[in-house]
Amino acid sequence: MDAAGPPPPPDPTATLGQWNYWLAQGRDAAETARRLALVPACYREQVAAHLRVVVRHRGD
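None of these values were measured; they are calculated from a predicted model.

With that settled, the discussion passes to the overall build of the protein chain. For the protein chain, the count of helices and strands is 3 helices and 0 strands. Mapped from its N terminus to its C terminus, the protein chain presents α and β elements in the order α-α-α. Looking at the protein chain as a whole, 28% of its 60 residues are labelled buried. A fraction of 45% describes how many contacts in the protein chain between residues 6 or more apart in sequence connect residues 24 or more apart. When the accessible surface of the protein chain is split by element, carbon and sulfur atoms take 60% of a total near 4,100 Å².

Okay, helix 1 (residues 16-24) next. Those residues of helix 1 that sit buried are Trp19, Asn20, Trp22, Leu23 and Ala24. The secondary structure elements touched by the buried residues of helix 1 are helix 2 (29-38) and helix 3 (41-58).

Right, let's talk about the packing of aromatic side chains for a bit. Under the counting rule described, the total for this entry stands at 1 aromatic pair. Relative to Trp22, the ring of Trp19 has its centre 5.6 Å away and its plane inclined at 85°; by these criteria the two rings are edge-to-face. Residue Trp19 and its partner Trp22 are both found in helix 1; the two are separated by 3 residues, about one turn of the helix. As far as burial versus exposure is concerned, Trp19 and Trp22 are alike and both buried. Over the ring of Trp22 we find Arg35; its NZ or CZ atom is 4.8 Å from the centre of that ring.

For the rest of this paragraph, the subject is helix 2. Turn by turn, an α-helix covers 3.6 residues, leaving residues three or four places apart pointing in a common direction. Glu31, Thr32 and Arg35 are the residues of helix 2 that are buried. The buried residues of helix 2 occupy an angular sector of 100° when projected down its axis, which confines them to one face. The exposed set on the far side of helix 2, more than 90 degrees from its buried face, consists of Ala29 and Ala37. Buried residues belonging to helix 2 abut helix 1 and helix 3. If you check the start of helix 2, you find a side-chain oxygen 3.2 Å away from the backbone N of Ala30, and it comes from Asp28.

Analysis parameters
Residues numbered from 1 in each chain as written. Predicted model: local features only at pLDDT ≥ 70, side-chain atom pairs only at ≥ 80, totals over all residues. Heavy atoms only, no water. Helix = DSSP H or I, 4+ residues; strand = E, 2+ residues; numbered from the N terminus. Buried < 20%, exposed > 50% of the residue type's maximum accessible area, 1.4 Å probe, protein only. Contact = heavy atoms within 4.5 Å. Areas by Shrake-Rupley, 256 points an atom, 1.4 Å probe, with all protein chains shown as cover. Phe/Tyr/Trp six-rings, centres within 6.5 Å; stacked < 30°, edge-to-face > 60°. Lys NZ or Arg CZ within 6 Å of the ring centre and 35° of its normal. Arc of directions from axis to C-beta. Polar contact = N/O pair within 3.5 Å; in protein donor to acceptor, adjacent residues only side chain to side chain.

Read these as layout, nothing more, since geometry by itself doesn't imply function.
The structure is reproduced here in structure tokens:
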């Protein structure tokens, strides 16, 4: 992670797709976990499921 840290989360009114994109940009498991905790509860389960698919396809 660079000195500036990860980018801020999307606006709280962001769409599900915006949260998916932001979460998938995490550089490692720890950063991704921190980001997932910032996702609004109404999207968290769907975003976590999307992340599992992204990780599977990236080969992480």
